[in-house]
Amino acid sequence: MKRIILLFLIMMPYLVAQAHGIAKDSVLQRVDELKALVDNKFWPTFNAPQYALEMNYYEDGPFRMHLVANDNESKPRMECSSPEVTFKAIPDVTTYEEWYAMLIHECFHGFVYKKHAQFWNKMIGIYPQDFYASDSLKALKANYDWYADMLVNENSLLSQMLAAKDTTEVKQLWAEFMPIRNERLRLVRERLGLDIELFYPITETNEGTARYIEYCLYREQGIESKTDWMMQLDSSSYYYASGLYMILIMEKFGIEFRDDLFERYFTLTELLDDKLQS
């Protein structure tokens, strides 16, 4: 009985938090702690003061969780709802750990845009007026069977690369991957009149790197078992997963990607292609 009472006392603060919410100051303090953790373990300078974002935090009203960048990469800001508002709006998000990872994902975008003006300028140079037009890639997959079928081959090769035993095997698989990838983008241009040959890999890089940060936080917070959805290459948001796969491949085989990605290469495919051929 004493053990049961002790366990109840230990769990009470957590149960109260789940029922009534965590105070805003405590939530934002934890966000700062996680940003420092990402800086120390996964992406240096992420928490540097000069890359900090203005944050508007809402404890009621409609759901918000997005970065507002517009055409000014130097002053992006976060619009985010509290965990409690998020839980109600998105039933699949059920824990504070998931909410924190979701928010840090968006904060990472802001960090990249503030630190890497060249990458930001490249993005706004190719993106349509609607900043969230990456959703058009979902429509391609949903509406054209030939497009979806070509993705199956790419996905299979990415899975094999991540499971490979050495870089020799990765290089062989990559040599198969790139012609298939280039052919898909070429056919989109020829059959549909849409030029996504830079738009696609830029989007894949932008979202894949942010998902990598989210993935790392899941692992760090002890909820790695809930990362399966991030790795679903056949999902509607397949370009998030393919970008994550490329980073995990480089991480597994000791291929450095953080220093040059947003300054020299701009896309994961360009960086990985160069690294594997050198």
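Keep in mind it's a predicted model, so treat the numbers as computed, not measured.

In terms of helices and strands, the protein chain carries twelve helices and three strands. Every one of the 278 residues in the protein chain was classed for burial, and the buried ones make up 48%. If you sum the accessible surface of the protein chain, you get close to 13900 Å²; carbon and sulfur atoms cover 51% of it.

Pairs may arise between side chains of opposite charge once their charged atoms sit close together. Taken as a whole and judged by the stated rule, the model has twelve salt bridges. Across the pair Arg186 and Glu183 runs a salt bridge, and its minimum N-O distance is 2.6 Å. Here the residue Arg186 and the residue Glu183 both occupy positions in helix α8 (residues 167-192), the gap between them amounting to three residues, near one helical turn. When the shortest N-O distance is used, the salt bridge between Arg189 and Glu197 registers 2.2 Å. Given a relative accessible area of 36%, Glu197 falls into the partly exposed group. One network of salt bridges, with partners in common, ties together Glu154, Arg181, Arg184 and Glu204.

Once that is clear, we can look at the layout of surface pockets. Here the largest pocket defines a volume of roughly 870 Å³. Lining the largest pocket are 31 residues, and of these His105, Glu106, Glu207, Arg211 and Tyr240 sit closest to its centre. At the level of secondary structure, the elements contributing two or more residues to the lining of the largest pocket comprise β2 (65-68), α4 (96-115), α9 (199-220) and α10 (238-252).

This brings us to the environment of Lys75. By the element assignment, Lys75 lies in the loop between β2 and β3 (77-81). A residue is classified by how much of its surface remains accessible, and Lys75, at 65% relative accessible area, is exposed. The sequence separation of Lys75 and Gly110 amounts to 35 residues, and the corresponding C-alpha distance is 8.6 Å.

Attention now moves to the packing of aromatic side chains. Tallying each qualifying case throughout the model produces 21 aromatic pairs. Ring centres of Phe46 and Phe108 lie 5.9 Å apart, and the angle between their planes is 40 degrees; on these two criteria the pair is classed as tilted. Of this pair, Phe46 sits in the loop between α2 (24-41) and β1 (54-58) while Phe108 is found in helix α4, placing the two residues 62 residues apart along the sequence. The class for Phe46 is buried, based on a relative accessible area of 2%. For the pair Tyr200 and Tyr238, a centre-to-centre distance of 6.2 Å together with 25 degrees between the ring planes defines the contact as stacked. Here Tyr200 is found in helix α9, whereas its partner Tyr238 is found in helix α10, with 38 residues between them in sequence.

This part takes up the nonpolar core. In terms of nonpolar packing, the biggest core is built from 86 residues, with Trp43 and Tyr212 touching the most fellow members. Examining the composition of this core, we find that twelve residues originate from one element, α4, more than from any other. In this view, Tyr212 contacts Phe42, Trp43, Leu244, Ile247, Leu248, Glu251, Phe257 and Arg258; residues no more than four positions away in its chain are not counted.

For the rest of this paragraph, the subject is the side chain of Thr86. Along the polypeptide, Thr86 turns up in helix α3 (residues 83-89). Setting aside anything within four residues of it in sequence, one finds Thr86 in contact with Phe63, Met65, Ser81, Val93, Trp99 and Met102.

Turning our attention to helix α12 (residues 268-277). For α12, the full list of buried residues reads Leu268, Thr269, Leu271, Leu272 and Leu276. Looking down the long axis of α12, one finds its buried residues gathered within 160 degrees of arc, a one-sided arrangement. Contacts from the buried residues of α12 go to α8, α9, α10 and α11 (261-265).

All right, on to unusual backbone geometry then. Notably, Thr45 is not glycine yet its phi reads approximately 75 degrees, a positive angle. Structurally, the position occupied by Thr45 is in the loop between α2 and β1. A positive phi angle, near 75 degrees, is found at Phe266, a position not held by glycine. When you line up the elements, Phe266 lands in the loop between α11 and α12.

The rules behind the values
Residues numbered from 1 in each chain as written. Predicted model: local features only at pLDDT ≥ 70, side-chain atom pairs only at ≥ 80, totals over all residues. Heavy atoms only, no water. Helix = DSSP H or I, 4+ residues; strand = E, 2+ residues; numbered from the N terminus. Buried < 20%, exposed > 50% of the residue type's maximum accessible area, 1.4 Å probe, protein only. Areas by Shrake-Rupley, 256 points an atom, 1.4 Å probe, with all protein chains shown as cover. Salt bridge = Lys/Arg side-chain N within 4 Å of Asp/Glu carboxyl O. 1 Å grid on protein atoms, 1.4 Å probe; cavity = no way out; pocket = protein on both sides within 12 Å on 5 of 7 lines; lining within 4 Å. Points joined across faces, edges and corners; volume = space filled by probe spheres on them. Phe/Tyr/Trp six-rings, centres within 6.5 Å; stacked < 30°, edge-to-face > 60°. Core = buried A, V, L, I, M, F, W, Y, C linked by side-chain atoms within 4.5 Å. Contact = heavy atoms within 4.5 Å. Arc of directions from axis to C-beta.

All quantities given are derived from atomic positions and should not be read as evidence of function.
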